[in-house]
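Listed here are the chains, written in short residue letters.
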Amino acid sequence: MNLTLKVWRQENRKASGRMETYHAKDIPQEASFLEMLDIVNERIISDGGDPIHFDHDCREGICGMCSLTINGIPHGPKRATTTCQLHMRHFQDGETIWIEPFHAKAFPVLKDLIVDRTAFDRVIEAGGFISVRAGSAVDANAIPIPKQDADLAFEAAACIGCGACVAACKNASAMLFVSAKASHLNHLPQGEPEKTRRVLSMVARMDSEGFGNCTNQYECVAVCPKSIPADNIAKLNRDYALATMKEALL
Amino acid sequence: MKSFTRTIGSFWNSSIGKKILVALTGIALLLFLPAHLAGNLLVFAGPDALNEYGVWLHELGHGTAIWFARLGLLSAFIIHLILTVQLTAANRAARTDYAYPSTVQASRSSRSMMWSGLTILAFIIYHLLHFTLRVGNDYDGESYQTTLPGHQEKVHNVYKMMIDGFSWTPASIFYLIAVTLLCSHLSHGFASVFQTLGVRSSKTSALSGKLGWAYAIIIWLGFVSIPIAIWIFGYGS
Ligand code: FES
């Protein structure tokens, strides 16, 4: 298939970016979106040009490294699918495809389609962990956990931290990511001892990183490759109110 | 461990804290609207019913109740306004625009909350100047005093004020626009309260969305019926 690509090119963090047009000819339908870009890049390189830089790693939909906002939608048109798992058969021959980075002020562009998502790492450092004694591992299933809680924790833990939620949000809010990471631990007895501190400091970090505020529009849920539900956001709101009361009164 | 005041300070400054306060003040306003509407609908029960209600409202708790209500509503309204303006400014600052913007499922109402809200603000300012402070009209004058069975002294003629107020076309048009945008604002606001206060889940999200629309439409129908009756069908003239 033949495609016209409009691609965001940006020299470095400081430079201003612009959309550039590329003609991608003879792209096999069975290529993944990233393979399509690989083909385009090979041609750019053999013509002596600077290839289009983009993030990727596993190409299996599990690492959260790939990104790209395709026709305005992070990870492209197919629901619950990462860009690396998106295939060209979902596009029409002759189509024009707009490819932009995961835009947000908290995700500055490093080069072309690569953005700096370390703000997420700093949110995790603030409280997305549990403190355990090092040493021999605890027996599995030593602590009984109700099936329902385990399932909810697992559902939240499926978040791969790709940042599509932020990229899709009209307010560049990180609530879906932060709430998934917080509820993953808050649902479990292992996360209980540090729950108050976790919730307060993760939210404080999220705010100071310059993410916006959730206005309950659920664009994040619609684009999330792992279909993390907005219930986690409700839970974080609730946990935050309770944590504040606990901290203020007890 | 932070002190009480510092914890409350961080809450007020945090994104979730602000939103919870927006939701709580929103609830106060959501509760006020049906009460206000019920009072207004008394216009259809005739002059005496509406005027009697006006007197009752002003005399409740020896005239103190109305002031508590006014102060409460005003503070809820101001907090709601200041916080949403702050949140919106932060949201604009956080977003980098796309060359190819797209929306997957965010509703039109949710995307126009600031505009619907500011129109409602403009309407409320007009409404308070018009009916509460009675600026630029003679609603405080002799011609708006009337007799009421069971009262020795003359009482304020709320009924006539309402009929005359809606007989002026520009006011009725502004009112209809404001109430329609209010309906849109409420549809998103009502459902959002559940999410922001953390009591929404996948099991209840469809229900809260429907309840939001049902509430908004009932409020809209109620408020719109009054000018339509007076202005279009000449009720009360
Ligand atoms: S490259 Fe790992 S999820 Fe796409």
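For the structure, see preceding data.
Residues numbered from 1 in each chain as written. Chains lettered and ligands numbered in written order. Predicted model: local features only at pLDDT ≥ 70, side-chain atom pairs only at ≥ 80, totals over all residues. Heavy atoms only, no water.

What exactly am I supposed to notice about the overall build of chain A here?
Of the regular secondary structure elements, chain A holds 8 helices and 7 strands. Seen through its principal axes, chain A has C-alpha atoms that stretch 65 × 35 × 35 Å. A separation threshold of at least 6 residues defines the contact pool for chain A, and within that pool the share at least 24 residues apart is 69%. Across chain A, 27 positive and 31 negative side-chain charges occur, with their mean positions spaced 4 Å apart. (Helix = DSSP H or I, 4+ residues; strand = E, 2+ residues; numbered from the N terminus. Contact = heavy atoms within 4.5 Å. Lys, Arg positive; Asp, Glu negative; His and termini not counted. Charge placed at Lys NZ, Arg CZ, Asp CG, Glu CD.)

Even after reading the chapter, I still don't get the overall build of chain B, so can you show me in this structure?
Of the regular secondary structure elements, chain B holds 9 helices and 2 strands. For chain B, the sequential pattern of α-helices and β-strands runs α-α-α-α-α-α-β-β-α-α-α. A principal-axis box enclosing the C-alpha atoms of chain B has dimensions of 60 × 45 × 35 Å. Sorting the 237 residues of chain B into buried and exposed places 39% on the buried side. In chain B, of all internal contacts separated by at least 6 residues, the share reaching a separation of at least 24 is 74%. Counting every atom, chain B has about 12,800 Å² of accessible surface; 70% of that belongs to carbon and sulfur. (Buried < 20%, exposed > 50% of the residue type's maximum accessible area, 1.4 Å probe, protein only. Areas by Shrake-Rupley, 256 points an atom, 1.4 Å probe, with all protein chains shown as cover.)

Looking at this model, I keep getting lost on the interface of chain A and chain B. Mind explaining?
Accessible area lost when the parts come together is the quantity often used to give the size of an interface. Contacts between the two partners involve 50 residues from chain A and, on the opposite side, 40 residues from chain B. Taken together, the links from chain A to chain B amount to 1 salt bridge. For Asp231(A), the salt bridge is made with Arg200(B), and the minimal N-O distance between the two is 3.8 Å. Inspection of the chain A/chain B interface yields 30 residue pairs in polar contact (both at pLDDT 80 or more). Sorting elements by how many residues they give to the side of chain A that touches chain B places helix H8 (residues 231-249) of chain A first, with 12 residues. (Salt bridge = Lys/Arg side-chain N within 4 Å of Asp/Glu carboxyl O. Polar contact = N/O pair within 3.5 Å; in protein donor to acceptor, adjacent residues only side chain to side chain.)

Is there a simple way to explain the packing of helix H6 (residues 195-208) of chain A against H8(A) in this structure?
When two helices pack together, their arrangement is given by the angle between the helix axes and by the axis-to-axis distance. Residues and elements named next belong to chain A. Two elements in contact, H6 and H8, have axes separated by 9 Å at closest approach and are oriented at 110°. Looking at the two axes, H6 sits roughly perpendicular to H8. Helix-helix and strand crossings are classified by hand; for H6 and H8 the assignment is left-handed. Facing Lys195, Thr196, Val199, Leu200 and Val203 of H6, the residues of H8 in contact are Lys235, Leu236, Asp239, Tyr240, Ala243, Thr244, Lys246 and Glu247. For the contact of H6 with H8, the class distribution of residues is 6 nonpolar, 2 polar and 5 charged. (Axes fitted to C-alpha atoms, helices over the stretch in contact; angles between N-to-C directions. Parallel < 35°, antiparallel > 145°, perpendicular 65-115°, else oblique. Left-handed = near helix turned anticlockwise from the far one by under 90°. Nonpolar A, V, L, I, M, F, W, Y, C, P; charged D, E, K, R; others polar.)

Would you explain the packing of helix H4 (residues 65-94) of chain B against helix H6 (residues 113-132) of chain B in this entry?
All names here are of chain B. Contact geometry for H4 and H6: axes closest at 11 Å, N-to-C directions at 150°. Considering their axes alone, H4 and H6 lie roughly antiparallel with respect to each other. For the crossing formed where H4 meets H6, the hand is left-handed. Between H4 and H6, the residues in contact are Arg70, Phe77, Leu81, Thr84, Val85 and Thr88 and Met114, Leu121, Ile124 and Thr132, respectively. Tallied by class, residues from the contact of H4 with H6 come to 6 nonpolar, 3 polar and 1 charged.

Would you mind showing me how to read the sheet that holds strand S3 (residues 69-70) of chain A here?
Strands belonging to one sheet form pairs held by backbone hydrogen bonds; the direction of such a pair is parallel or antiparallel. Residue and element names in this part refer to chain A. With mixed pairing, 5 strands are arranged side by side in an open sheet as S2-S1-S5-S3-S4. Either end of the sheet is taken by a strand with one partner, and the two such strands are strand S2 (18-24) and strand S4 (73-74). The pairing of S3 with S4 spans 2 bridges and is classified as antiparallel. Across the sheet, residue Thr69 finds its bridge partner in S4, namely Pro74. Its contacts with the sheet put helix H1 (residues 33-46) on strand S1 (3-9), S2, S3 and strand S5 (96-100), and the angle it makes with S1 is roughly 80°. (Pairing = 2+ DSSP bridges.)

Can you walk me through a nonpolar patch on the surface in this structure?
Together, Leu242(A), Met245(A), Leu249(A), Leu250(A), Phe4(B) and Ile8(B) line one region of the surface with nonpolar side chains, adding up to about 660 Å² of accessible area. Elements that contribute at least two residues to the nonpolar patch include exactly H8 of chain A together with helix H1 (4-13) of chain B. Ranked by residue count, the leading element in the nonpolar patch is H8(A), at 3 residues. Along the chain, the position of Leu249(A) falls in helix H8. Exposure remark for Leu249(A): the relative accessible area of 60% places this residue in the exposed category. (Patch = residues over 30% accessible without salt bridge, like charges linked within 9 Å, V, L, I, M, F, W, Y side chains within 5 Å.)

Would you mind showing me how to read the nonpolar core here?
Here is a general trend for soluble globular proteins: nonpolar side chains tend to be buried in one another's company. Counting 74 residues, the largest nonpolar core has Leu5(A), Phe33(A) and Met88(A) as the members making the most contacts within it. Lining this core are residues from two domains, each supplying at least three of them: domain 1 (3-111) and domain 2 (117-249) of chain A. In this structure, Leu5(A) is in contact with Glu20(A), Thr21(A), Tyr22(A), Ala24(A), Met36(A), Leu37(A), Val40(A), Ile97(A) and Ile99(A), ignoring residues within four places of it in sequence. Membership of the second largest hydrophobic core comes to 28 residues, among which are Ala23(B), Ile163(B), Val193(B) and Ile230(B). (Core = buried A, V, L, I, M, F, W, Y, C linked by side-chain atoms within 4.5 Å. Domains from an automatic or database assignment.)

Explain the environment of Ser14(B) to me, please; I cannot follow it from the model alone.
Mapped onto the elements of the fold, Ser14(B) is located in the loop between H1 and helix H2 (15-41). For the pair Ser14(B) and Tyr175(B), spaced 161 residues apart in the sequence, the C-alpha separation amounts to 35 Å. Contacts of Ser14(B), omitting those with residues within four sequence positions, involve Asp207(A) and Tyr240(A). Reaching out from Ser14(B), the side chain makes a polar contact with the backbone oxygen of Phe11(B) at a distance of 2.9 Å.

Which parts of the structure should I look at to understand the pairing of S1(A)?
For a regular strand, side-chain orientation follows a simple rule: the groups alternate between the two sheet faces. Residue and element names in this part refer to chain A. When you tally the buried positions in S1, you get 6 out of 7 residues, the bulk of the element. The pairing of S1 with S2 spans 7 bridges and is classified as antiparallel. Pairing of Thr4 across the sheet is with His23, part of S2.

Please clarify how the packing of aromatic side chains should be interpreted in this entry.
Aromatic ring pairs are defined here through the distance separating the ring centres and the angle between the ring planes. Scanning all chains against the criterion turns up 18 aromatic pairs over all chains. Between Phe33(A) and Phe91(A), the aromatic rings sit 5.6 Å apart at their centres with planes inclined by 45°, giving tilted as the arrangement. On the criterion of sequence distance, the pair formed by Phe33(A) in helix H1 and Phe91(A) in the loop between S4 and S5 is long-range, its members being 58 residues apart. The exposure class of Phe91(A) is buried, given its relative accessible area of 3%. Ring centres of Phe107(A) and Phe120(A) lie 5.3 Å apart, and the angle between their planes is 75°; this geometry places the pair in the edge-to-face category. Here Phe107(A) is found in the loop between S5 and strand S6 (109-111), whereas its partner Phe120(A) is found in helix H2 (residues 118-127), with 13 residues between them in sequence. There is no split in this pair, since Phe107(A) and Phe120(A) are both buried. A connected cluster of aromatic rings, assembled from ring pairs, spans Phe123(B), Tyr126(B), Phe166(B), Phe174(B) and Tyr175(B). (Phe/Tyr/Trp six-rings, centres within 6.5 Å; stacked < 30°, edge-to-face > 60°.)

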